[in-house]
Amino acid sequence: MSNLETDSAEFACAAGPADGIEVLHPREVPLGGPRAMRVRRTLPQRQRSLIGAWCFIDHYGPHDIGRDGGMDVPPHPHTGLQTATWLFSGLVEHRDSAGVHALVRPGELNLMTAGAGICHSEVSVDAPILHGVQLWVALPDSARFTGRAFNHFVPEPVSLPGGTAQVFLGELAGRRSPVPSFTPLLGAQVDLDPRSELVLDVDPAFEHGVLCDRGAVALGGAAVGVGAVGYQGPGRKVLPLRNTGDFPARVLLLGGVPFGEELVLWWNLIGRSHEEVVEFRRQWQDGDERFGAVTGYRGRLDRLPAPPLPPVRLRPRPARGG
């Protein structure tokens, strides 16, 4: 998925200290066009820019494609990150410049590694209701110029007292995903029974975020509304979740060790300096081979142009506040 904001701000991504539970509220962002699908974006924001290496969260749907318009994101570039797509309903066609053509289905992880550079397109197809999450993972300096790659994994649900979990990255509740990551990560869908309480054993070295997709959810004593993310800092061995409502609830649990490197996120590009991001943008606009080309996409644009750079130098921002 692309960041299609025409006034794209830069973000310096680094984890900040936190005491207690912090609730991050999303902002609505259109994916472009007069009938654009709107998404709820929770990361990055000025309050917090990363949770582990997770640096971008877009939560969308449920969208009636016939009524609201679907997803049609033309070929666009990425550097220094991975994209993780997780659907609750719908079907998305993925094409990228590594030659991958895949259909993204509910309950299946699709993880694309951009490395030094990739471009891809995403189009919703067939299924009438689209509902899911797009996530980005920042790559550490040691891996950010790696080659393009694509991983697909279908996790089996594991029963929990009061719910179920599907672990697509990392390890939780005795289940481990076979998908490798460049930094220690956790990614799982957790479904909570009505009026249930679930205390999950977690790695105390991790910080965690709980994205509420549906239902009345609390992380510790903090209510987390639909589209919001509850944040719990490192140093805790358990993560307490409650469904305070009379209907099933569903969350996405994301975690990782605090990301110790400073980086600049602007538009769809991650770099380590102003000059590097400016050069990535120039290369995309010039059709440089760094990003390659997508074949088979038939949409509204051949490729998505980069927005104008801000009139000031791209600079680091604090992880919290500022």
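So, a few notes on the structure that sits alongside this text. In this text, all values refer to a predicted model and were calculated from it rather than measured experimentally.

**As for the sheet that holds strand E22 (residues 222–224)**
Thinking step 1. Across the sheet, which stays open at both edges, the 4 strands sit in the order E19-E24-E21-E22 with antiparallel pairing between neighbours. Only two strands of the sheet have a single neighbouring strand rather than two, namely strand E19 (197–201) and E22. Averaged over neighbouring strand pairs, the angle between their axes works out to 30° when direction is ignored.

**Considerations on the sheet that holds strand E25 (residues 249–256)**
Thinking step 1. Taken in spatial order, the 7 strands line up as E2-E23-E20-E25-E18-E15-E14 in an open sheet, and their pairing is antiparallel. Edge positions in the open sheet fall to strand E2 (21–24) and strand E14 (158–160), since each of these has one partner strand only. Sheet twist, expressed as the average angle between the axes of neighbouring strands with direction ignored, equals 25°.
Thinking step 2. Two elements, strand E18 (residues 185–192) and E25, share 8 bridges in a ladder whose sense is antiparallel. Along E25, the bridge assignment pairs Gly 187 with Leu 254.

**Side note on the packing of aromatic side chains**
Thinking step 1. According to the stated counting rule, one finds 4 aromatic pairs in the structure shown.
Thinking step 2. Ring geometry for Phe 56 versus Trp 136: centroids 3.8 Å apart, planes at 15°, classification stacked. Residue Phe 56 is found in strand E5 (residues 54–64), and its partner Trp 136 is found in strand E12 (residues 129–138); the two are separated by 80 residues along the sequence.
Thinking step 3. For Phe 56, a relative accessible area of 1% gives the class buried.
Thinking step 4. The residue whose ring lies beneath Arg 48 is Tyr 231, and the NZ or CZ to ring-centre distance is 3.8 Å.
Thinking step 5. Directly above the aromatic system of Phe 88 lies the positively charged group of Arg 250, at a separation of 4.2 Å from the ring centroid.

**Some words on the pairing of strand E6 (residues 72–78)**
Thinking step 1. In terms of burial, E6 is a largely internal element, 6 of the 7 residues being buried.
Thinking step 2. In this structure, E6 lies alongside strand E11 (residues 118–124), joined through 5 bridges in antiparallel fashion. Bridge pairing links His 78 to Ile 118 in E11.

**Digging into helix H2 (residues 274–285)**
Thinking step 1. In this model H2 runs 17 Å from its N-terminal to its C-terminal C-alpha over 12 residues, within 8% of the 16 Å that 1.5 Å per residue would give.
Thinking step 2. For H2, the complete set of buried residues consists of His 274, Glu 276, Val 277, Phe 280, Arg 281, Gln 283 and Trp 284.
Thinking step 3. Taken together, the buried residues of H2 touch E6, E11, strand E26 (263–266) and strand E27 (269–271).
Thinking step 4. In the segment just after H2, Gly 287 is the residue with positive phi, at about 70°.

**Some remarks on unusual backbone geometry**
Thinking step 1. Omega for the bond connecting Leu 43 with Pro 44 falls within 30 degrees of zero, at -5°, which places this linkage in the cis form.
Thinking step 2. Examined against the element boundaries, Pro 44 turns out to sit in the loop between strand E4 (38–43) and E5.
Thinking step 3. Following Gly 61, the chain continues into Pro 62 via a peptide bond in cis, with omega recorded as 0°.
Thinking step 4. Here Pro 62 lies in strand E5.
Thinking step 5. One non-glycine residue with positive phi stands out, namely Asp 126, at about 60°.

**Structural notes on the pairing of E4**
Thinking step 1. Counting buried positions along E4 yields 5 of 6 residues, so the element is predominantly enclosed.
Thinking step 2. One ladder, built from 4 bridges, connects strand E3 (residues 27–30) with E4; its direction is antiparallel. Note on E4: the bridge partner recorded for Pro 30 is Arg 38.
Thinking step 3. Here E4 pairs with E5 via 3 bridges, running antiparallel. Bridge pairing links Arg 40 to His 59 in E5.

What counts, and where the lines are drawn
- Think of each chain on its own: its residues are numbered from 1, step by step along the sequence as written.
- Where totals are concerned, whole chains, interfaces and linings use all residues; where local detail is concerned, this predicted model gives features only for residues with pLDDT of at least 70, and gives and counts side-chain atom pairs only at 80 or more.
- Heavy atoms from the whole structure form the basis of all side-chain values; hydrogens and water molecules are not counted.
- For two strands to count as paired, DSSP must find a minimum of two bridges between them.
- The helix and strand labels rest on DSSP assignments: H or I over at least four residues marks a helix, E over at least two residues marks a strand, and numbering proceeds from the N terminus.
- Under this scheme, a helix contributes an axis fitted over its contacting stretch, all axes are lines through C-alpha atoms, and angles between N-to-C directions fall in the 0 to 180 degree range.
- Stacked, edge-to-face and tilted are the three classes for Phe, Tyr and Trp ring pairs, Trp counted by its six-membered ring, which pair at centre distances within 6.5 Å; planes under 30 degrees apart are stacked, over 60 edge-to-face, the rest tilted.
- The buried label applies to any residue whose accessible area, calculated with a 1.4 Å probe on protein chains only, is under 20% of its type's maximum; exposed applies above 50%, and partly exposed to all values in between.
- Charge-over-ring contacts are defined here by two conditions on Lys NZ or Arg CZ: a distance within 6 Å of the ring centre and an angle within 35 degrees of the ring normal.
- For a helix, the expected span equals 1.5 Å multiplied by the residue count minus one.
- Here, two residues are considered to be in contact whenever any of their heavy atoms come within 4.5 Å of each other.

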